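Report on the structure
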Amino acid sequence: MPDSPGKDSAKRLSDTREDDSHGGYFHNKRVKQRAQDRALQAQMPAGSTSRVLSGCTVYVNGHTDPPRLALHDLVVRHGGVFLHYLSSKGAATHIVAEHLPPRKRVEFRNCKVVSPRWLLDSVQQGRQLPWAPYSVLGGSAAENTLTLAGADTIAVAAESSTIPNASVNTRTVPSVNTPTVAAERTNTPTPNVSAPTVAAGNSNTPNVASPTVPTAPAPSTRADAFPTAASDPEAFLRSYFEHSRLHKLSEWKARLRQEFVRAHSAEPPLTAPPSRVLHIDFDCFFATVAFLHRDKRRFPALDFARDPVAVCHGRGSSDVASCNYAARALGVRNGMWAASAQRRMPAGTTLTLLPYDFAAIEAASATFYAVLRGCPDFRWVLPVSIDEAVCVLRGEGEDEIVLAEQLRRAIRERTGGCTASVGIGASLVLARLALRLAKPDGVYAAGGDPSPPDSFWEQFSVRDLPGVGGAAAAKLGGADTATLGTLRHSTTLPSLQTQLGNKLGGKVWAALHGQDDPESQRMLLDPCAVFDRKSVAVDINWGIRFATVAQVDAFLDVCAGYVANKLRECGKRAGSVTLKLHRRAAGAPVEPPKYLGMGRCDAVSQAAGLGVPSGDVGVLATELKALFRALAVPVQELRGVAVHLAKLCGDQEAGPRTPGQWLGKGRVGAGALPAPVSTTPKATTPKGGAGPSANASAERYRRLRVSPVKDRAAVPRPAASDPGVAAFLEALPSQLQREVRRDLAGAIGETTGGGRGRLRAEMQRRAEAARAVNAHLTGSGGTLLAPVRFQGEASFKRVCRTVEAWVAATCSGDGPNDGPHERDVHVFLRYVEKLCAGDRVHLALRVASLVSTALALREGSCGDTRAYAEWEHILVRRVLPVLNRNRLTFQTERKLDVEWEV
Ligand code: DCP
Ligand code: CA
Ligand code: CA
């Protein structure tokens with residue numbers, strides 16, 4: 001069977017068994033195949049490619065007509081992903097087959113199994129055709145079942161009324177109208193730890209209404225129906241982003257702000273705050289859009305002004321993104337769990353749950369911003385979010401209320417019925433408070449000089465102020481229930497700062513007097529500085545379930561690819577990367593009530609400086625994997641993964657990035673190397689016997705293995721504390737810094753007597769730590785990676801000694817026999833390749849760089865320049881390509897360049 005992990009794969013697997021685990025092997029294979037497919041597509045003539053199959057992940061089962069290779073070409077050519085093997089049923093969106101044997105029909109009964117014609121016809125017609133008519137299983141068997149693709153799963157979960165509802169199974173979606181056991185369980189939702197703070201610790205504050213409640217794809221009734229983070233990280237992440245409203249909200253906001261910076265970066269900041277600002281915000285935005293674009297056959301008589309309506313993904317265990325004012329009158333709030341919202345309905349009243357319509361939401365937002373940007377009275381339209389903006393007037397004198405009404409009318413008409421409200425004030429905080437009074441569908445201008453009268457303040461509590469949440473309000477003791485009118489008179493700046501801390505206390509004090517805190521003021525004065533992107537992040541708080549370290553690594557690769565892409569989009573590079581992991585809290589259930597949700601978790605995080613800012617996916621992936629190991633969270637306990645890139649700087653500011661740039665003049669790079677000196681091996685080695693030179697070399701090699709030559713003391717090394725070295729270290733990625741520091745420490749330890757003991761103790765400590773991490777991750781005390789042997793030797797340190805001695809022996813200057821023997825080179829290259837294949841590219845790099853250093857040290861004394869040049873040829877033409885092939889799995893150009901400086 002050519003297409004399943006059958007004979008062929010098994011054979012290949014046996015080749016690499018000593019190097020890697022199954023998962024790692026298949027992962028590496030998949031990454032390589034995808035990269036090859038991408039390269040293949042890039043080479044295809046532009047006119048012959050398309051995106052018709054984008055989003056399709058195709059697996060071909062059995063013999064097909066056209067054959068598998070032709071289908072592979074077709075899928076890649078038209079933007080799809082081709083799976084060479086099926087790691088799990090969820091990995092493919094479509095299985096292509098001519099027919100299926102009975103066993104497979106059962107196995108794939110819930111999958112989209114289509115005939116090859118579906119691919120051909122779709123490509124021919126330039127769009128993805130409905131798959132059902134091409135179903136190999138016959139329409140009825142497959143039509144009503146959940147499908148593998150995330151999008152379809154969600155559609156079904158959100159709309160199906162056939163999903164059973166009386167089960168205690170937490171994976172079961174409860175129905176809307178019948179409170180069920182499962183729905184009851186969601187009454188006490190699992191707390192979610194999504195605190196933006198970088199802190200470890202047990203969070204047990206239920207955070208139901210927080211906007212950080214996971215809003216991942218809807219629950220499905222089938223565990224294996226969704227591409228999981230472990231089975232297909234790319235498809236999982238794509239699907240997650242497609243359906244995560246929080247992700248979309250943050251992306252939209254970032255995009256709007258980026259657009260602002262691009263449009264206004266040439267303008268100078270204001271010298272004084274504007275005298276009036278308008279704060280404009282859509283009323284119950286998602287709910288209004290969902291209502292306007294609802295399926296009118298399903299909801300023919302829905303009255304938005306009277307009937308409660310909420311937008312959410314599924315049913316009970318998903319949260320309400322937005323609800324209309326009729327629902328709010330009954331106690332429903334944005335962010336509340338749907339089951340909880342439903343329970344607030346009085347007898348006889350139904351809460352209508354509508355699905356998201358992201359495309360319509362984006363369209364309405366675009367219209368909203370177009371109306372505002374088209375208004376000549378505004379100097380700036382400052383984007384606050386997808387549904388909200390602060391408009392800075394050019395001057396005084398316009399009739400604000402007339403202007404606001406004109407804008408509201410234009411927005412309502414051009415969006416087909418979305419209402420927006422406007423708050424007007426002399427500061428951001430006053431405009432924001434006024435907006436609350438304007439809602440829904442109104443305008444309110446906060447007047448008064450210098451600040452509005454008490455009657456205005458009496459309408460708010462401290463929770464209405466920006467930045468004041470439940471925790472801060474609780475610190476105010478009884479004052480949290482008082483009106484702002486009372487607080488204005490009963491508090492002082494010192495008393496607020498004592499209770500809330502200096503920063504928030506100062507902010508609340510300023511707000512009580514109608515003024516903005518310095519940070520908000522900065523947004524009005526110099527918005528470009530505030531909006532310029534400071535960080536790039538991805539936060540996955542749903543669907544995180546792994547079984548092996550290799551799966552986590554694969555997932556981190558995909559995350560690194562995502563954030564690197566974001567960096568590229570905004571023309572930035574990052575100076576630091578933080579990995580934040582959510583780990584199932586002790587005593588928390590393995591599966592929380594929310595299907596594949598995080599449940600109660602502890603958050604741990606660690607940051608690493610990159611030295612030279614980078615946007616390179618290889619650098620980021622390597623740092624992330626190193627951070628993951630440093631955090632040592634057992635893979636089975638992982639529930640959330642977040643990556644945060646900070647210290648962003650412009651692509652131009654970040655220093656050199658290509659090898660040539662980095663190497664500069666006088667350094668040896670691939671381009672500057674001499675042409676190959678000898679293309680023929682030193683001596684041809686006939687099968688079964690070696691020539692005289694080979695014998696000499698082999699003999700020398702054998703000798704060296706028992707008597708390694710090493711004379712480090714003769715080569716003085718700098719100390720890490722030297723100013724020049726410190727500056728050099730600072731410019732390196734953190735992982736490199738660690739390595740170089742360790743090397744330098746080693747050199748010092750060897751030359752100073754007192755340091756030796758310390759060094760030994762430090763090495764012992766490191767070895768113990770490494771063992772602990774291994775045991776922690778594998779749960780067995782075993783090592784994560786099988787050893788790679790070189791001449792039967794597994795200890796990397798000893799291998800290094802052998803290699804060093806080998807290099808020395810081949811450069812002894814004793815005539816034409818000098819230089820490495822081809823067979824030894826072959827053994828060495830094989831070792832380097834095995835290291836790379838076994839996820840130890842860093843060791844491959846180290847051993848290769850060792851050769852380079854050994855040569856550099858001998859350059860002066862080495863009489864026979866031919867041996868030296870031969871070595872150079874081997875390093876650059878044969879070893880470097882192997883390392884380069886593995887760029888994606890390790891620090892790339894920069895690392896290679898640094899270490900390759902001969
Ligand atoms: N949103 C969300 N989850 C939340 C809060 C908001 O998905 N917990 C989304 C849906 C909202 C949109 O953001 O429609 C805008 O948020 P708002 O806070 O402006 O809320 P609404 O527009 O829904 O209501 P309001 O009339 O109070 O502005
Ligand atoms: Ca709104
Ligand atoms: Ca809003």
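Placed above this text is the structure.
What counts, and where the lines are drawn
- Throughout, residues of each chain are indexed from 1 in the direction in which the sequence is written.
- Going through the entries in the order they are written, you letter the chains from A and number the ligands from 1.
- pLDDT decides what is reported in this predicted model: residues at 70 or higher carry local features, side-chain atom pairs at 80 or more are listed and counted, and totals for whole chains, interfaces and linings draw on all residues regardless.
- By convention in this description, side-chain values take in all heavy atoms of the structure and omit both hydrogens and water.
- Under the DSSP-based scheme used, a helix requires at least four consecutive residues in state H or I and a strand at least two consecutive residues in state E, with every element numbered from the N terminus.
- Throughout, exposure labels follow a simple rule: accessible area from a 1.4 Å probe, protein chains only, divided by the maximum for the residue type, with under 20% read as buried, over 50% as exposed, and the rest as partly exposed.
- Note on definitions: a residue-residue contact is assigned when non-hydrogen atoms from the two residues lie within 4.5 Å.
- To measure how exposed things are, a 1.4 Å probe is used in the Shrake-Rupley method; for residues, cover is taken only from the protein chains shown.
- Donor selection uses N, O and S atoms within 2.8 Å of the metal (3.2 Å for Na, K and Ca). Since no water is included, sites may look incomplete.
- In this text, near means that some heavy atom of the residue lies within 4 Å of the molecule or strand in question.
- Think of a polar contact as two N or O atoms within 3.5 Å of one another; within protein, one of them needs to be a possible hydrogen donor and the other a possible acceptor, and neighboring residues in sequence only count if both atoms come from side chains.
- Any two strands are treated as partners once DSSP identifies two or more bridges connecting them.
- Only the stretch in contact is used when a helix axis is fitted, and all axes are lines through C-alpha atoms; the angle between N-to-C directions ranges over 0 to 180 degrees.
- In this analysis, the expected span of each helix is defined as 1.5 Å times one less than the number of residues it contains.
- Put simply, angles under 35 degrees are roughly parallel, angles over 145 are roughly antiparallel, angles from 65 to 115 are roughly perpendicular, and the rest are oblique.
- A clockwise turn of the near helix away from the far one marks a right-handed crossing, whereas an anticlockwise turn of less than a right angle marks a left-handed crossing.
- Basically, the charged four are Asp, Glu, Lys and Arg, the nonpolar ten are Ala, Val, Leu, Ile, Met, Phe, Trp, Tyr, Cys and Pro, and anything else, Gly included, counts as polar.
- To define a nonpolar core, start from buried Ala, Val, Leu, Ile, Met, Phe, Trp, Tyr and Cys residues and group those joined through side-chain atoms within 4.5 Å.
- For this document, the term salt bridge refers to a Lys or Arg side-chain nitrogen within 4 Å of an Asp or Glu carboxyl oxygen.

Of regular secondary structure, the protein possesses 35 helices and 18 strands. Relative to its full complement of 902 residues, the protein shows a buried share of 52%. Contacts in the protein between residues far apart in sequence, at least 24 positions, make up 70% of those at least 6 positions apart. Counting every atom, the protein has about 40,300 Å² of accessible surface; 53% of that belongs to carbon and sulfur.

This next bit is on the environment of V643. Mapped onto the elements of the fold, V643 is located in strand 17 (residues 638-646). By relative accessible area, which is 2% here, V643 ends up buried. Considered as a pair, V643 and A537 are 106 residues apart in the sequence and their alpha carbons are 5.5 Å apart. If we skip the residues at most four places from it in the chain, V643 touches V536, A537, V538, C559, V563, V577, T578, L579 and L624.

Ideal coordination angles are 109.5 degrees for a metal with four donors arranged tetrahedrally and 90 or 180 degrees for a metal with six donors arranged octahedrally. Only D281 (OD), D281 (OD), F282 (O) and D387 (OD) from the protein reach the calcium ion (ligand 2) as donors, at distances of 2.2 to 3.1 Å. Taken in chain order, the donor set of the calcium ion (ligand 2) reads D-F-x104-D. The distance between the calcium ion (ligand 2) and the calcium ion (ligand 3) comes to 3.3 Å, and D281 binds to both of them. In this pair, D281 sits in strand 6 (residues 277-282) while D387 sits in the loop between strand 10 (378-385) and strand 11 (388-393), placing the two residues 106 residues apart along the sequence. The residues D281 and D387 share a single accessibility class, namely buried.

What follows is about the site of ligand 1. Around ligand 1 there are 16 residues in total, and R245, C284, S322, Y325 and R328 lie nearest to it. The side chain of D281 places a nitrogen or oxygen atom 2.8 Å from an oxygen atom of ligand 1. Here ligand 1 loses 82% of its free accessible area of 550 Å² to cover by the protein chains. Those elements giving two or more residues to the shell around ligand 1 turn out to be helix 10 (245-264), strand 6, helix 11 (285-292) and helix 12 (325-329).

Quick look at the sheet that holds strand 12 (residues 420-425) now. Read across the sheet, five strands follow the order 10-11-6-12-13 without closing on themselves; strand pairing throughout is mixed. The open sheet has two edge strands, strand 10 and strand 13 (443-445), and neither has a second partner. If you compare each strand with its neighbour and ignore which way they point, the axes differ by 15° on average. Here strand 10 pairs with strand 11 via six bridges, running antiparallel.

Looking now at the coordination of the calcium ion (ligand 3). Listed as protein donors to the calcium ion (ligand 3) are D281 (OD), D387 (OD), D387 (OD) and E388 (OE); their distances from the metal cover 2.3 to 3.2 Å. Site description for the calcium ion (ligand 3): donor spacing in sequence, D-x105-D-E. We classify D281 as buried; its relative accessible area is 7%. Judged by relative accessible area, D387 falls into the buried class, the value being 12%.

This next bit is on helix 10. The terminal C-alpha atoms of helix 10, which comprises 20 residues, lie 28 Å apart, in line with the 28 Å expected from a rise of 1.5 Å per residue. Every buried residue of helix 10 is listed here: R245, H247, K248, E251, W252, A254, L256, R257, Q258, F260, V261 and H264.

Residue P66 is reached from D65 by a cis peptide bond, and omega for that bond is 0°. If you trace the backbone, P66 turns up in the loop between strand 1 (57-60) and helix 3 (68-77). Non-glycine residue C284 carries a positive phi angle of around 25°. Relative to the helices and strands, C284 resides in the loop between strand 6 and helix 11. Among the residues examined, C284 registers a relative accessible area of 8% and is labelled buried. The phi dihedral of K647 is positive, around 50°, even though this residue is not glycine.

With that settled, consider the packing of helix 10 against helix 24 (residues 549-569). Look at helix 10 against helix 24: their axes get within 12 Å of each other, and the N-to-C directions meet at 20°. The angle between helix 10 and helix 24 places the two elements in the roughly parallel class. Our pair here, helix 10 against helix 24, has a crossing hand that is right-handed. Contacts between helix 10 and helix 24 pair H247, E251, Q258 and R262 from the former with Y562, K566 and E569 from the latter. By residue class, the composition of the contact of helix 10 with helix 24 is one nonpolar, two polar and four charged.

With that out of the way, let us pick up the environment of N886. Along the chain, the position of N886 falls in the loop between helix 34 (865-885) and helix 35 (893-900). Between the C-alpha atoms of N886 and V841, which are 45 residues apart in sequence, the distance is 7.2 Å. Setting aside chain neighbours within four positions, we find N886 in contact with C836 and V841.

Right, let's get into the sheet that holds strand 9 (residues 352-354). Strand order in the open sheet formed by three strands is 8-7-9, with mixed pairing between adjacent strands. Each edge of the open sheet is held by one strand with a lone partner, namely strand 8 (322-323) and strand 9. Sheet topology note: the strand 7 (residues 309-311)/strand 9 ladder contains three bridges and is parallel. Bridge pairing links V311 to L354 in strand 9.

This brings us to the nonpolar core. In terms of nonpolar packing, the biggest core is built from 46 residues, with F555, L579 and L645 touching the most fellow members. Counting residues per element, the ones that place at least two in this core are helix 9 (233-243), strand 14 (536-540), helix 24, strand 15 (572-584), strand 16 (601-614), helix 25 (617-631) and strand 17. When residues of this core are assigned to their parent elements, the largest contribution, eleven residues, is made by helix 24. Of all hydrophobic cores here, the second largest spans 43 residues; its members include A321, Y356, L407 and V422.

A few words now on the pattern of salt bridges. Tallied over the full model, the rule gives 28 salt bridges. Across the pair D121 and R117 runs a salt bridge, and its minimum N-O distance is 3.2 Å. One end of the pair, D121, and the other, R117, are both in helix 5 (residues 116-125), four residues apart, so they sit about a helical turn from each other. Looking at D121, the relative accessible area reads 14%, which means it is buried. You can call R117 partly exposed: its relative accessible area is 47%. Taking the shortest distance from any N to any O, the salt bridge between K625 and D557 comes out at 3.0 Å. Here K625, found in helix 25, pairs with D557, found in helix 24; they are 68 residues apart in sequence, far enough to count as distant. Judged by its relative accessible area of 13%, K625 falls in the buried class. If you follow the salt bridges from partner to partner, you end up with R255, E259, E362 and R373 in one network.

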